[in-house]
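A structural walkthrough
Single-letter residue listing:
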Amino acid sequence: MPLKAPELLLPAGSLDKMRAAYDFGADAIYAGQPRYSLRARNNEFRLEQIGQGIAEAHARGKKFFVTSNLLPHNDKVRTYLRDMEPVIAFKPDALIMADPGLMMMVREKWPEVPIHISVQANTVNYAAVKFWQRMGIARIILSRELSLDEVEKIRQECPDIELEVFVHGALCIAYSGRCLLSGYFNRRDPNQGTCTNACRWNYATQETAVDPNTGEAMPLKMEGDFDFAKAQQEEESSFSACNNTPRHPKADQVYLLEEQGRPGELMPIMEDEHGTYIMNSKDLRAVEHIERLTKIGVDSLKIEGRTKSLYYVARTAQTYRRAIDDAVAGRPFNPHLITELEGLANRGYTSGFLERRPSQDYQNYETGHSVLQRSHFVGEVRGWADGLAEIETKNRFAVGDTLEIIHPSGNRQVKLEQMFNLEGEPVAVAQGNPVRVRIPLEGPVDGALISRLL
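Within each chain, residue numbers correspond to sequence positions counted from 1 in written order. Reporting of local features is limited, given that this is a predicted model, to residues whose pLDDT is at least 70; pairs of side-chain atoms are given and counted only at 80 or more, and all residues count toward the totals for whole chains, interfaces and linings. Excluding hydrogens and water, the side-chain values take into account all heavy atoms of the structure.

- Under an unreviewed UniProt entry, the protein has the name tRNA 5-hydroxyuridine modification protein YegQ and belongs to Comamonas endophytica.

Structure, rendered in structure tokens:
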């Protein structure tokens, strides 16, 4: 029996990104209103854009899911049905939701609208899947904390409900995104869509000792006569005497954490052999597991990144489309797909919890920002005539560079031998946005993206 191809589900922070996702192989996209989804920033989908996006998706035979997965306080509950009524009128293919109260309200008012349970609901076992199924839910987006074996067990126990799994994108040092760190620092609540990614800031630890009178962690270098180092030794000796269980030497160490932008604000943090837990996560990449997930019978493979670039959307859609097509056709995994994803800005990759690996594989201790390892997105083709493509530049490139032309019909590499400005004069270097230049390209290549190979 041939394998069923899972749906490829891409993020969209704008109509242009939605179109790129469809062009490069997505079956569906998800987008949401800033007020009711977890992307209040860098989100162009107001009511008009949602209506236009749904209409375009259905005209292409594609699906459009509306994300409505915040955990609302009373004020947003009060306005929710009123604000969602025009959205429902556009006939989205499903709502992605996390809050049981809002789900109850939607089921009562619009029982015909399919609901998908968000990853924010933290569904990690087959009993929870069966519960949501009894509530009339159409699809479960499984928690990121599951292994491949656990996903397979859920599929076996729950054969007649749609299952969705994240396969690429940012991970949180929190339980499926239920993080409070940004709210603690900035009063910008991740669960209301305003995360500042505080987990990726640059921190330094300072050694501490425990005040035996208060139990409070204090810096070792303090004014006064109290010997915190001696107190720490006494505390450790006391602990060892009453506990015979072997422990890692760092398991009980307390550090004070200092963020680069907040000098002098010291926060206690525990550290064990795996490191600290307010740190930067690597990015999820599971392209090498698409065959297994397809054989398990997962219905939808999801990519994270509604705030990512159009280049990211196109690249991931194209790469995971190929992986799905290869899996369904019975072709072996193509390692080149990993190389293509290395060309995206990333924080280092991990397969997350899909494979049970040591915890150091989950965390990125070296850098809190994205790095480019293979290629650099440099421009978009805005027009083509007489053998010349007009490029709207995004980053610098120059004559002599090797460029990759990324197009839904296929990719190719070219050596850039000539370049002209819009007046037809030769130029050697194209600076970053908003410069426009023309380069010789075999066409048509309308809508292609350009990267510079490093």
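Quick look at the overall build of the protein
- Counting its secondary structure elements, the protein contains eleven helices and 22 strands.
- We call a residue buried when its accessible area falls under 20% of the maximum for its residue type, exposed when it is over 50%, and partly exposed in between, using a 1.4 Å probe and counting protein chains only. The burial tally for the protein puts 51% of its 454 residues in the buried class.
- Contacts are residue-level and defined by heavy atoms, with any inter-residue pair within 4.5 Å sufficient. Within the protein, counting contacts between residues at least 6 apart in sequence, those at least 24 apart form 66% of the total. Helix and strand assignments come from DSSP, with helices taken as H or I runs of at least 4 residues and strands as E runs of at least 2, each series counted from the N terminus.

Things to note about the pairing of strand β13 (residues 300-303)
- Residues Ser-300 and Lys-302 point to one face of β13 and Leu-301 and Ile-303 to the other, with burial holding for every one of them.
- By definition, two strands form a pair when at least two bridges between them are found by DSSP. As paired strands, strand β1 (residues 7-11) and β13 are joined by three bridges and run parallel to one another. From the neighbouring strand, Leu-8 faces β13, where its bridge partner is Leu-301.
- Taken together, the four bridges between strand β7 (residues 162-169) and β13 define a ladder with parallel strand orientation. Each residue of the ladder has a partner; that of Phe-166, found in β13, is Lys-302.

As for the nonpolar core
- Definition of nonpolar core: a set of buried residues of the types Ala, Val, Leu, Ile, Met, Phe, Trp, Tyr and Cys, connected through side-chain atoms within 4.5 Å. Core analysis: the largest hydrophobic core is formed by 75 residues, its most contacted members being Leu-10, Ile-29, Phe-64, Leu-95, Ile-140 and Leu-142.
- Among the elements that take part in this core, helix α10 (residues 310-329) stands out by supplying ten residues, more than any other.
- With residues near it in sequence (within four places) discarded, Leu-10 still touches Ala-21, Ala-26, Ala-28, Ile-29, Tyr-30, Ile-303, Val-313, Thr-316 and Ala-317.
- Counting residues in hydrophobic clusters, the runner-up holds 16 residues, among them Phe-397, Val-437, Ala-448 and Ile-450.

Looking at empty space enclosed by the protein
- We place a 1 Å grid over just the protein atoms. Points where a 1.4 Å probe fits but has no way out form a cavity, open points with protein on both sides within 12 Å along at least 5 of 7 lines form a pocket, and any residue with an atom within 4 Å of a point lines it. Grid points are joined across faces, edges and corners, and a volume is the space filled by probe spheres set on the points. This structure, assessed with the given rule, holds two cavities of 30 Å³ or more.
- The space that makes up the largest cavity amounts to roughly 90 Å³.
- Ser-143, Arg-144, Leu-146, Phe-166 and Leu-354 are, among the 13 residues lining the largest cavity, the residues nearest its centre.
- Note on residue classes: Ala, Val, Leu, Ile, Met, Phe, Trp, Tyr, Cys and Pro are nonpolar, Asp, Glu, Lys and Arg are charged, and everything else, Gly too, is polar. Considered class by class, the residues forming the lining of the largest cavity number nine nonpolar, three polar and one charged.
- Residue lining of the second largest cavity: Val-287, Glu-288, Ile-290, Glu-291, Ala-323, Asp-326, Ala-327, Arg-331, Pro-332, Phe-333, Asn-334 and Leu-337, and that is the complete set.
- Of all the elements in the fold, those that place two or more residues in the lining of the second largest cavity are α9 (290-296) and α10.
- In terms of residue count, α10 provides more of the lining of the second largest cavity than any other element does, three residues in total.

What to know about the pairing of strand β18 (residues 402-406)
- Counting buried positions over the five residues of β18 gives four, a clear majority of the element.
- For β18 and strand β19 (residues 412-415), the ladder comprises four bridges, and the chain directions are antiparallel. Its bridge partner being in β19, Leu-403 is matched across the sheet by Val-414.
- Sheet topology note: the β18/strand β22 (residues 449-453) ladder contains four bridges and is antiparallel. Of the residues in β22, the one forming a bridge with Ile-406 is Leu-449.

Quick notes on the confidence of the model for the protein
- The pLDDT score gives, residue by residue, the confidence of the prediction method on a 0 to 100 scale. Mean pLDDT for the protein: 84, with 75% of residues reaching 70 or above.
- Below a pLDDT of 50 lies the segment residues 222-226, which in the model reaches four contacts outside its immediate sequence neighbourhood of four places, other chains included.
- Confidence drops under a pLDDT of 50 for residues 238-248, and excluding neighbours within four residues, the segment shows four contacts in the predicted structure.

Thoughts on the packing of aromatic side chains
- Classification of ring pairs uses Phe, Tyr and Trp, with its six-membered ring standing for Trp, and accepts pairs whose centres are within 6.5 Å; under 30 degrees between planes counts as stacked, over 60 as edge-to-face, and the remaining range as tilted. Inspection of every chain in the model, using the stated rule, returns four aromatic pairs.
- With a centroid separation of 5.1 Å and 70° between ring planes, the pair formed by Phe-131 and Trp-132 is classed as edge-to-face.
- Consider the rings of Tyr-311 and Phe-377, whose centres lie 4.6 Å apart with planes at 0°: the pair is stacked. Taken together, the residues Tyr-311 in helix α10 and Phe-377 in strand β15 (residues 375-385) connect sequence positions 66 residues apart. With respect to class, Tyr-311 is no different from Phe-377; both count as buried.
- Ring-over charges, as used throughout, are those where CZ of Arg or NZ of Lys falls within 6 Å of the ring centre and within 35 degrees of the ring normal. Between Lys-302 and the ring centre of Tyr-30, over which it is positioned, the NZ or CZ distance is 4.4 Å.
- A cation over a ring is seen here: Lys-308 above Tyr-312, with NZ or CZ 4.2 Å from the ring centre.

Structural notes on the packing of helix α3 (residues 74-89) against helix α4 (residues 100-109)
- Think of each axis as a best-fit line through the C-alpha atoms, taken over the contacting stretch in the case of a helix, with angles from 0 to 180 degrees between the N-to-C directions. Two elements in contact, α3 and α4, have axes separated by 11 Å at closest approach and are oriented at 40°. The angle between the axes of α3 and α4 places the two elements in the oblique class. Regarding α3 and α4, the two cross each other, and that crossing is right-handed. On α4, the residues touching Val-77, Tyr-80, Leu-81 and Glu-85 of α3 are Leu-102, Met-105, Val-106 and Lys-109. Roughly parallel means an angle under 35 degrees; roughly antiparallel means over 145; roughly perpendicular covers 65 to 115; every other angle is labelled oblique. The crossing is said to be left-handed when, going from far helix to near helix, the turn is anticlockwise and less than a right angle, and right-handed when the turn is clockwise.

As for the environment of Arg-155
- Among the structural elements, Arg-155 can be located in helix α6 (residues 148-157).
- Residue Arg-155 is classed as buried on the basis of its relative accessible area of 10%.
- Placed 141 residues apart in sequence, Arg-155 and Ile-296 show a C-alpha to C-alpha distance of 7.0 Å.

Notes on helix α1 (residues 15-23)
- Listing the buried residues of α1 in full gives Leu-15, Lys-17, Met-18, Ala-20, Ala-21 and Tyr-22.
- The inward-facing, buried residues of α1 contact β1, β2 (28-31), α2 (47-59), β3 (63-68) and α10.
- In the stretch just after α1, Gly-25 is the one whose phi turns positive, near 125°.

Some remarks on the side chain of Lys-62
- Structurally, the position occupied by Lys-62 is in the loop between α2 and β3.
- As used throughout, the charge tally considers Lys and Arg to be positive and Asp and Glu to be negative, leaving His and the chain termini uncounted. Whenever Lys or Arg places a side-chain nitrogen within 4 Å of a carboxyl oxygen from Asp or Glu, that contact is recorded as a salt bridge. For the buried Lys-62, which has no salt bridge, the nearest side chain bearing the opposite charge is Asp-27, at an N-O separation of 4.6 Å.
- Sequence-distant contacts of Lys-62, that is, excluding residues within four places in its chain, are made with Tyr-22, Ala-26, Asp-27, Ala-57 and Asp-93.

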